[in-house]
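# Examination of the molecular architecture
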Amino acid sequence: MKRFFLFLNILFLPVIIFSQAKDTLPTDLTNKITGVKILEEVVVEAFHSSQQWKAVPASVAILGSREMNRYGNISFVPVFNTIPGVRIEERSPASYRLSIRGSLLRSPFGVRNVKVYWNDIPLSDAGGNTYLNLVDLNTLTSAEVIKGPAASVYGAGTGGAVLLRSGLNFPIIPENNFTVGITGGSYGLFNEQLGWQYQSKNFSSSLQQVHQQSDGYRDQSATRKDVLKWQSALQLKDQQLQFLLFYTDLFYQTPGGITLAQFQSNPKLSRQPSGTIPGSIQQHASIYNKTIFGGAHHAWDMNEHFTLKSFVTGNHTSFTNPFITNYETRGEANFGAGTSLVYQHKNFQWINGAEWLRNHSLINDFGNRGGVKDTVQFKDDIYATQWFAFSQAQLSVGEKWVFTAGLSLNNQSFRFKRTTVPDNGFTDKNISMVVTPRFAVLYRLNKDVSLYTLAAKGFSPPAVAELRPSDGLYHGELNAESGWNIETGIKGELLAGRLQFDIAAYFFELNNAIVRRTTGTGAEFFVNAGSTKQNGVEGLLKYQLIKKQNGFINGLALWSSYSYQPYRFESYEQSGVDFSGKALTGVPRNIWVSGLDMDTKTGIYFNASMNATSALPLNDANSVYADRYQLLQAKLGYRWKNRKSSFDIFFGADNLLNQSYSLGNDINALGNRYYNAATGRNIFAGIICRF
């Protein structure tokens, strides 16, 4: 086995760093299925400005049609984990934890400290949380990931921003398309999707339905998700109006962490009873999330210089969580609105805008008696409001220089009231008037290669789930994180576009870092942990070895990404113990992902990748580490298409080396229950048809 892994490393060694290129960004579900290439240049929408990827003075990664379809269309995890500096984990199946450059430190579950948008409408709520697991991969066509503080345009967050896309076309001749897909695999995996799309010169509409379920690899790890999504767009002479509406009914069991001895003897175990504390099976530990989400986005080209963009959004979440120590129910109502005015004149662009989000959460905790609600423990009423205003200017000087400067003024406020306490009023917490600037300079060595450097400040207030965690207390003493990121990079194309690369070095110091702690019963709470140094290097490379019309193999690309993350606590003392100088909890020092993508003129294609992740510390003292692992994945398929229809039939395997590893560790866990075993060797197969 070691010789086999060594062979793969040698095979991929010549291509150490970058993938994303003139390969297309898809504009509809059709392109996602057929792999049709539309764009010769990748245009990104990051920072509210359409630009070539290689001309953006920032670290921006693009996931296009090929990247989205490289694996089994089941999970975000392998797709996003090909991006250097980005890591998605699953503590429980279907429970995503997204980290950008170490931002996972404060996220035991869910997505925090990263702002997520879908078609320019925020999915993140005012309380600092994003239910990324409500979105199904099959409903997307592309994504952009902005790494590092981007608060000058996207508000609070030191991790970065994720821009999800599901585009629609406007063909001259109206057409109807239908999509049918089904995938099955190990451990009871079943996924089916149906879609109907109507497209015309001025109006497009897409209706999609997705159902996915799995028995899970571990005990108490079954999942079920149903998604119904409708999207439409109206294209007028100088205006475009888009609507996005989806409903997700998500259920997944939460197996909980186990000890190293349990992990080594039987990784399929769920959390076991301990003393008077029952286990996950006994308590029917699980999550029920029913969310309806709606949003509208309007863009108006007022004249040749001014464009006005606006959005409104609202959603409601019904959340139920039988947990080990309690039974929690939540009702969450969210509203938001935003606008931006873009001025463009020759080589000068100026953007001004504002965004407002509001969250109202009613959180009720009961005792958990074998998965049944028991007596009331407490009931809480929480309001969170977030707003920011921003301004950004960009000036191109000649054909060589691009200068960008921006800043935002941010405000975050919370109101908390425990309604089970008689005559209890609201407790207010306000984080106001935080200014976060961003400066960037890009120099084009030539038309294909650019150098850039930037300095950006970010801040991230505690989320509702951190102010009021599962220990049932209100932690109003928590302060916002903040820090400056200094970054420099080089990116572009060589060898007539065959070699594409993106290399960046960054220096980020975070103050008041928020970290997770646990009580004697296993409930969690959060504390500010002094400062951290999160300096690193990352790179992504793609080499198009073969790209031609003739020959059996008409496309062969080798790609590789690498993340070097020697992050440290700079100043951190907790309960009389000094953790200064220790490695940052939960962050691997090295991640190397390499792969190949092959296409043939017969329609046969093959994708393979290897993810090598180094050991990572599981507690702040660095006394326990999770072992390194090597994850080998492959997919073989046959794609056929003509002008009106297509189908894609595929077979694949995950964790071919059958590694025992934990993807989504419980950091600083009580009783050394750090480990959440990931799936062993497993297979999948499916077919997607369009007609």
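## Here we look at the overall build of the chain
A count of helices and strands for the chain gives 7 helices and 39 strands. Relative to a compact globule of 691 residues, whose C-alpha radius of gyration would be 26 Å, the chain shows 24 Å and is just as compact. For the chain, the spread of C-alpha atoms along the principal axes amounts to about 70 × 55 × 50 Å. Scored against the burial criterion, the 691 residues of the chain give a buried share of 60%. Taking contacts inside the chain between residues at least 6 apart in sequence as the whole, the part at least 24 apart equals 65%. Looking at the chain as shown, the accessible area adds up to about 26300 Å², and 59% of this sits on carbon and sulfur atoms.

## Quick word on unusual backbone geometry
We note that Tyr187 has phi near 60°; this positive angle belongs to a residue other than glycine. By the secondary structure assignment, Tyr187 is in the loop between strand E10 (175-185) and strand E11 (189-199). The partly exposed category is assigned to Tyr187, whose relative accessible area is 28%. Even without being glycine, His284 reaches a positive phi, approximately 50°. Structurally, His284 is set in the loop between helix H6 (260-265) and strand E15 (286-301). You can call His284 partly exposed: its relative accessible area is 45%.

## Quick word on the packing of aromatic side chains
All chains considered together, the criterion is met by 27 aromatic pairs. A centroid spacing of 6.1 Å and a plane angle of 25° characterise the contact between Tyr131 and Phe319, whose relative ring orientation is stacked. Pair noted here: Tyr131 is in the loop between strand E7 (121-122) and strand E8 (142-147) and Phe319 is in strand E16 (residues 306-322), with a separation of 188 residues, a long-range link. Each member of the pair, Tyr131 as well as Phe319, carries the same accessibility label: buried.

## Focus on the environment of Tyr252
Here Tyr252 shows up in strand E14 (residues 239-253). Between the C-alpha atoms of Tyr252 and Arg224, which are 28 residues apart in sequence, the distance is 6.3 Å. In this structure, Tyr252 is in contact with Ser92, Pro93, Ala94, Ser95, Asn133, Ala222, Thr223, Ser286 and Ile287, ignoring residues within four places of it in sequence.

## Section: the pattern of salt bridges
Scanning the model with the defined rule gives 26 salt bridges in all. When the shortest N-O distance is used, the salt bridge between Arg112 and Glu466 registers 3.3 Å. On the criterion of sequence distance, the pair formed by Arg112 in the loop between strand E5 (96-100) and strand E6 (114-118) and Glu466 in helix H7 (residues 464-467) is long-range, its members being 354 residues apart. For Arg112, a relative accessible area of 1% corresponds to the buried category. Ionic pairing is found between Arg165 and Asp120, a salt bridge with its closest N-O pair at 3.2 Å.

## Quick word on the sheet that holds E7
One open sheet holds the 5 strands; their spatial order is E3-E8-E9-E6-E7, and the pairing between them is mixed. At either margin of the open sheet sits one strand with a lone partner, and together these are strand E3 (60-63) and E7. Judged from the 2 bridges that link them, E6 and E7 form a sheet pairing that is antiparallel. Following the sheet pairing, Trp118 is matched in E7 by Ile121.

## What about the side chain of Gln231?
With respect to the helices, strands and loops of the structure, Gln231 is situated in strand E13 (residues 223-235). A polar atom in the side chain of Gln231 sits 2.3 Å from the backbone oxygen of Ser166. A polar contact of 2.9 Å, which involves the side chain of Gln231, links it to the side chain of Lys229.

## What to know about a nonpolar patch on the surface
Taken together, the side chains of Phe178, Val180, Leu194, Trp196, Leu207, Leu228, Trp230, Phe243, Leu245, Tyr247, Ile292 and Phe691 make up a nonpolar region of the molecular surface, amounting to roughly 1000 Å² of accessible area. Among the elements of the structure, E10, E11, E13 and E14 are those that each provide at least two residues to the nonpolar patch. Element by element, the count of residues in the nonpolar patch is highest for E14, at 3 residues. On the secondary structure map, Phe243 appears in strand E14. Take Phe243: its relative accessible area is 33%, and that puts it in the partly exposed class.

## What to know about the pairing of strand E17 (residues 327-345)
Bridge analysis of E16 against E17 gives 17 bridges, and the strand direction is antiparallel. Note that in E17 the partner of Ser310 across the bridge is Thr339. Hairpin geometry of E16 and E17 is characterised by an intervening segment of 4 residues between the two adjacent antiparallel strands. Of the pairings in the sheet, the one linking E17 to strand E18 (residues 348-368) comprises 19 bridges and is antiparallel in character. Paired with Glu328 across the strands is Asp365, a residue of E18.

## Quick word on the pairing of E15
Bridging between E14 and E15 involves 15 bridges; their strand directions are antiparallel. Bridged to Gln242 within E15 is His297. Bridging between E15 and E16 involves 14 bridges; their strand directions are antiparallel. Directly across from Phe293, in E16, lies its bridge partner Asn315. Between E15 and E16, which pair antiparallel and follow one another directly, the connecting turn spans 4 residues.

## Observations concerning the environment of Ser580
Residue placement: Ser580 occurs in the loop between strand E32 (577-578) and strand E33 (590-600). Classification of Ser580 as partly exposed rests on a relative accessible area of 31%. For Ser580 and Arg568, which are 12 residues apart along the polypeptide, the C-alpha to C-alpha distance reads 7.7 Å. Sequence-distant contacts of Ser580, defined by excluding residues within four places in its chain, comprise Phe569, Glu570, Ser571 and Tyr572. Here the side chain of Ser580 touches Tyr572 through a polar contact of 3.1 Å, landing on its backbone nitrogen.

## Focus: the nonpolar core
By size, the foremost hydrophobic cluster in this structure holds 47 residues, and its most contacted members are Phe80, Val162 and Leu164. Examining the composition of this core, we find that 4 residues originate from one element, E14, more than from any other. Not counting chain neighbours up to four residues away, the residues in contact with Val162 comprise Phe80, Leu98, Ile100, Val114, Lys115, Val116, Tyr117, Glu144 and Val145. If you look at the next biggest cluster of nonpolar residues, it comprises 27 residues, including Val56, Val60, Tyr117 and Val153.

## Describing the environment of Ala523
Relative to the assigned elements, Ala523 resides in the loop between strand E25 (514-518) and strand E26 (524-528). When the C-alpha positions of Ala523 and Asn655 are compared, they lie 32 Å apart, and in sequence the two are 132 residues distant.

## Let's talk about the side chain of Gln51
With respect to the helices and strands, Gln51 occurs in strand E2 (residues 51-52). Taking the relative accessible area as the measure of exposure, Gln51 reaches 14% and is therefore buried. Only 3.1 Å separates the side chain of Gln51 from the side chain of Gln394, close enough to count as a polar contact. Those residues in contact with Gln51 that lie beyond four places of it in its chain are Val42, Val43, Val44, Val56 and Gln394.

Parameters and conventions
Residues numbered from 1 in each chain as written. Predicted model: local features only at pLDDT ≥ 70, side-chain atom pairs only at ≥ 80, totals over all residues. Heavy atoms only, no water. Helix = DSSP H or I, 4+ residues; strand = E, 2+ residues; numbered from the N terminus. Rg over C-alpha atoms; globule rule 2.2 N^0.38 Å. Buried < 20%, exposed > 50% of the residue type's maximum accessible area, 1.4 Å probe, protein only. Contact = heavy atoms within 4.5 Å. Areas by Shrake-Rupley, 256 points an atom, 1.4 Å probe, with all protein chains shown as cover. Phe/Tyr/Trp six-rings, centres within 6.5 Å; stacked < 30°, edge-to-face > 60°. Salt bridge = Lys/Arg side-chain N within 4 Å of Asp/Glu carboxyl O. Pairing = 2+ DSSP bridges. Polar contact = N/O pair within 3.5 Å; in protein donor to acceptor, adjacent residues only side chain to side chain. Patch = residues over 30% accessible without salt bridge, like charges linked within 9 Å, V, L, I, M, F, W, Y side chains within 5 Å. Core = buried A, V, L, I, M, F, W, Y, C linked by side-chain atoms within 4.5 Å.

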